[in-house]
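Below, each chain spelled out in residue letters.
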Amino acid sequence: MVKNSPAFVLRPFEGLPGEPDWVALKEVVPAAAATARTTAEHGAKEVLVTTVLPTGWRALHRADGVILLALQVPGGSGDASRDLATALLEALEVEPGTAIESIGLPTPGPRLQDVLDLTVPFEVTVQESFAYWLAPDTERTADLTAAIEDADAGIIETVKLAAADSAYWCRMGDREFLRWSQPHEEQVVLDGLARLHAARESGFDDAKFVGYFRSSGLVVPVWELTRGAEAAEIEAPLAAFVPKFAAALADTTPLDANARRARAGLVARQVTLR
């Protein structure tokens, strides 16, 4: 371990508004931006939290003064919140039009929970293009246009659903999925899913539960949807499934033998995202 390096933090976004959406944007949503603001101590500056920035930049103090902070960046100290806060504080200090390309290994210091105003909702807008990287009045040169188009080519079609918090429909090739980032402790989610799976109720409508991601201390269950299902078509079935899932999560009785076997099967299908 590097001397004085921060300790590993399992849930780096715990305590921030919209923790499950922070995790979703960090791991499973290709192009989106969300609202944040620094505390008065740090200038009460509006921050656009984004999935990625050009060429892997950590942050950008855009020419119009807007601060952009990228989530999908390489690991650092073991505490993503501290790493991101370091990039954000550097972006606040540099001249407009300057990118923060790297931050090195952060030493102990402020975390996002210390730097951001926790009363500001983390409101996510899924984007169809990375054109939002640029200030509205930026001249679109041929090189800039080509760079945006090249980045856009890698975007997976994604929609944030209204029926459940932090739930995202996506289309990958000719298959559609629901990825639903959960705010609960991992063990609670796994027990709830195991109860439903053992009762053959882990799906909804024709959606089939297929596994889950785990990242930043949270779980993102995944359902494969009926082939060709559009986002709008699963809003109602998902809304009907929400109370059933909530009841399974709230059930604290010991798992029976069937549920324990189902739980073991779920654990075997996990994918850990770093």
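The paragraphs below set out a description of the structure included in this document.

Here is what the cut-offs are and how they apply
Residues numbered from 1 in each chain as written. Predicted model: local features only at pLDDT ≥ 70, side-chain atom pairs only at ≥ 80, totals over all residues. Heavy atoms only, no water. Phe/Tyr/Trp six-rings, centres within 6.5 Å; stacked < 30°, edge-to-face > 60°. Helix = DSSP H or I, 4+ residues; strand = E, 2+ residues; numbered from the N terminus. Buried < 20%, exposed > 50% of the residue type's maximum accessible area, 1.4 Å probe, protein only. 1 Å grid on protein atoms, 1.4 Å probe; cavity = no way out; pocket = protein on both sides within 12 Å on 5 of 7 lines; lining within 4 Å. Points joined across faces, edges and corners; volume = space filled by probe spheres on them. Nonpolar A, V, L, I, M, F, W, Y, C, P; charged D, E, K, R; others polar.

1. Comments concerning the packing of aromatic side chains
- For the coordinates displayed, the defined rule picks out twelve aromatic pairs.
- Between tryptophan 180 and phenylalanine 245 the ring centres are 5.2 Å apart and the planes differ by 65°, which places this aromatic pair in the edge-to-face class. Of the two residues, tryptophan 180 sits in strand β9 (residues 175–180) while phenylalanine 245 sits in helix α6 (residues 231–250), which places them 65 residues apart along the sequence.
- A relative accessible area of 7% places tryptophan 180 in the buried class.
- The exposure class assigned to phenylalanine 245 is buried, which follows from its relative accessible area of 1%.
- Members of the aromatic cluster, joined through ring pairs, are Trp180, Phe204, Phe209, Trp223, Phe241 and Phe245.

2. Examining the layout of surface pockets
- Considering only enclosed or pocket space, the second largest pocket measures out at about 220 Å³ in volume.
- Forming the walls of the second largest pocket are 13 residues, and the residues nearest its centre are Trp57, Leu60, Trp133, Leu134 and Leu144.
- At three residues, the largest contribution of residues to the lining of the second largest pocket is made by helix α4 (residues 142–152).
- Looking at the lining of the second largest pocket residue by residue, the classes come out as ten nonpolar, two polar and one charged.

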